[in-house]
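Below are the chains, spelled out letter by letter.
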Amino acid sequence: MSKHIPRKRFGQNFLQDAGVIAGIVHAVNPQTDDVVIEIGPGLAAITRPLLQRLKHLHVVEIDRDIISRLEAEFPPEKLTIHAGDALAFDFASVSDQPLKIVGNLPYNISTPLLFHLASYGQRVTDMHFMLQKEVIERMVAEPSTADYGRLTVMLQYRFEMETILHVPPGAFWPPPKVDSAVVRMIPMPGRCGVASDEALLEKLVTQAFSQRRKTLRNNLKGMAEVADLEALGIDPGLRPENLPVEDFVRLANHLAARRA
Ligand code: SAM
């Protein structure tokens, strides 16, 4: 088969480093009957060793040329290929069993993809992703830091996350311009409280971070009054980055109760 020419528009940086590949598979720790979904298998760097351990694997891939290669290499009883955009893919449709999701994600769509995946928190046992290092720093950020934002709050509300590998550009072909890392995400429902209306929590967090430099009092105009914040002991003069996840959840629940 001819050599595949990496497509920039699909964020194609293929893993080459055997140690990094082994490290990811070790972290995922797949057991024979697990239901595993890999996002963006590409030239199968992670797919192959996963399939050595699994009876069957699901992959979601957008690139038609890559799909043809995968079809030529793996029989359908080993590999189910879901052709299409992972951003629009219904991960829950794959199985009623708990899912493990893994991928060296296309960096150009990683933030919207993480928001999409967050909604499957109830269905997964764990997720492992290779991402741009800076994105993982935002995911695991502490309040009152520059990295703490909407992505942090919406993911920390649902998952416990840790960086498990640091990966330099030379581990890929072609090498990306950025450093990468692998993050493990484990669902921990209730770790920061339970939102009675998750859509409202999402709306609140989006509006709170609409202008990072402004105060909660300003950003939340029309949604939460100063009195709402003060009733919960939250200083309206704080910036959104100062508010811990638990307080976003408390505020969303307060607003939901007030509406009811
Ligand atoms: N897993 C391979 C590896 O580690 O070498 C390839 C990783 S490469 C960074 C990203 C992969 O995601 C590519 O195969 C690319 O075609 C695929 N991809 C890009 N955008 C996608 C999308 N929206 N939905 C599904 N797959 C996508």
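Right above here is the structure, for reference.
Bear in mind that the values here come from a model prediction, so they are computed numbers and not experimental data.

J.: What exactly am I supposed to notice about the packing of helix H7 (residues 198-208) against helix H10 (residues 245-259) here?
T.: When two helices pack together, their arrangement is given by the angle between their axes and by how far apart the axes lie. Direction vectors running N to C along H7 and H10 enclose 120 degrees, while the axes themselves pass 9 Å from each other. As judged from the angle between their axes, H7 and H10 are oblique. H7 and H10 meet at a crossing whose hand is right-handed. Only Phe248, Val249, Leu251, Ala252, Leu255, Ala256 and Arg259 of H10 make contact with H7, whose side of the interface consists of Leu200, Leu201, Lys203, Leu204, Val205 and Ala208. Residues of the contact of H7 with H10, tallied by class, amount to 11 nonpolar, no polar and two charged.

J.: When you look at the nonpolar core in this model, what are you seeing that I'm missing?
T.: What tends to happen in soluble globular proteins is that the nonpolar side chains get buried as a cluster. Counting residues in each nonpolar core, the largest one holds 30 residues, and the members touching the most others are Phe91, Phe129, Met139 and Met185. Looking at this core, the elements that each hand over two or more residues are strand E2 (35-39), strand E5 (99-104), helix H4 (110-118), strand E6 (124-132), helix H5 (133-139), helix H6 (150-156), strand E7 (159-167) and strand E9 (180-187). Counting residues in hydrophobic clusters, the runner-up holds 28 residues, among them Ala208, Leu232, Val249 and Leu255.

J.: How should I be thinking about the sheet that holds E5 in this particular structure?
T.: Backbone-to-backbone hydrogen bonds join strands into a sheet, with any given pair of strands oriented parallel or antiparallel. In space, the seven strands of this open sheet follow the order E4-E3-E2-E5-E6-E9-E7, with mixed pairing throughout. Each of the sheet's edge strands pairs with one partner strand only, and the pair in question is strand E4 (79-83) and E7. Put simply, the sheet's adjacent strands are angled 20 degrees from each other on average, direction ignored. Relative to E6, E5 runs parallel, the two sharing six bridges.

J.: Hey, could you run me through helix H3 (residues 64-73) in this one?
T.: Along an α-helix, residues three or four apart share an orientation, since each turn contains 3.6 residues. All of the buried residues in H3 are Ile66, Ile67, Arg69 and Leu70. When H3 is viewed along its axis, its buried side chains cluster within an angular range of 160 degrees and face the same direction. Counted as exposed and oriented over 90 degrees from the buried face of H3: Arg64 and Ala72. As for H3, its buried residues are in contact with strand E1 (14-15), strand E3 (57-61) and E4. With a side-chain oxygen lying 2.9 Å from the backbone nitrogen of Asp65, the N-terminal cap of H3 falls on Asp63.

J.: What is the right way to look at the environment of Asp235 in this model?
T.: Along the chain, Asp235 falls in the loop between helix H9 (226-231) and H10. Taking the C-alpha atoms as reference points, Asp235 and Val36, 199 residues apart in sequence, are found 44 Å from one another. In this structure the side chain of Asp235 is engaged in a polar contact, spanning 2.7 Å, whose partner is the backbone nitrogen of Gly237.

J.: Please explain the site of the ligand as it appears in this structure.
T.: Contacts to the ligand come from 24 residues, most closely from Leu15, Gly40, Glu61, Asp85 and Asn104. The contact in question runs from a nitrogen atom of the ligand to an N or O atom on the side chain of Asp85, over 2.8 Å. Between the ligand and Ala86, the relevant distance is 2.9 Å, taken from a nitrogen atom to a main-chain nitrogen or oxygen of the residue. Secondary-structure elements contributing two or more residues to the shell around the ligand are E1 and E3. Partitioning the shell around the ligand into residue classes produces 13 nonpolar, seven polar and four charged.

J.: Which parts of the structure should I look at to understand the pattern of salt bridges?
T.: As a working rule, side chains carrying opposite charge can pair if their charged atoms are close by. In total, this model carries 11 salt bridges according to the counting rule given. When the shortest N-O distance is used, the salt bridge between Asp65 and Arg7 registers 2.6 Å. Of this pair, Asp65 sits in helix H3 while Arg7 sits in the segment before E1, and the two are 58 residues apart along the sequence. The exposure class assigned to Asp65 is partly exposed, which follows from its relative accessible area of 37%. Here Arg48 ties to Glu73 by a salt bridge, and the two come within 2.6 Å at their closest N and O atoms. With Arg48 in helix H2 (residues 47-53) and Glu73 in helix H3, this residue pair connects regions lying 25 residues apart in the sequence. Residue Arg48 is classed as partly exposed on the basis of its relative accessible area of 36%. Residue classification places Glu73 among the partly exposed residues on the basis of a relative accessible area of 40%. One salt-bridge network, in which partners are shared between bridges, spans Arg7, Asp63 and Asp65.

J.: Even after reading the chapter, I still don't get the packing of aromatic side chains, so can you show me in this structure?
T.: Any aromatic ring pair is given by two values, namely how distant the centres are and how the planes are angled relative to each other. Taken as a whole and judged by the stated rule, the model has five aromatic pairs. Members of the aromatic cluster, connected to one another through ring pairs, are Phe89, Phe91 and Tyr120. Lying over the aromatic face of Phe10, Arg9 brings its terminal NZ or CZ to 4.7 Å of the ring centre. Over the face of the ring belonging to Phe115 we find Arg150, whose NZ or CZ atom lies 4.1 Å from the ring centre.

Basis of the calculations
- Residues numbered from 1 in each chain as written.
- Predicted model: local features only at pLDDT ≥ 70, side-chain atom pairs only at ≥ 80, totals over all residues.
- Heavy atoms only, no water.
- Axes fitted to C-alpha atoms, helices over the stretch in contact; angles between N-to-C directions.
- Helix = DSSP H or I, 4+ residues; strand = E, 2+ residues; numbered from the N terminus.
- Parallel < 35°, antiparallel > 145°, perpendicular 65-115°, else oblique.
- Left-handed = near helix turned anticlockwise from the far one by under 90°.
- Contact = heavy atoms within 4.5 Å.
- Nonpolar A, V, L, I, M, F, W, Y, C, P; charged D, E, K, R; others polar.
- Core = buried A, V, L, I, M, F, W, Y, C linked by side-chain atoms within 4.5 Å.
- Buried < 20%, exposed > 50% of the residue type's maximum accessible area, 1.4 Å probe, protein only.
- Pairing = 2+ DSSP bridges.
- Arc of directions from axis to C-beta.
- Polar contact = N/O pair within 3.5 Å; in protein donor to acceptor, adjacent residues only side chain to side chain.
- Near = heavy atom within 4 Å.
- Salt bridge = Lys/Arg side-chain N within 4 Å of Asp/Glu carboxyl O.
- Phe/Tyr/Trp six-rings, centres within 6.5 Å; stacked < 30°, edge-to-face > 60°.
- Lys NZ or Arg CZ within 6 Å of the ring centre and 35° of its normal.

Any functional reading would require information that these geometric values do not contain.
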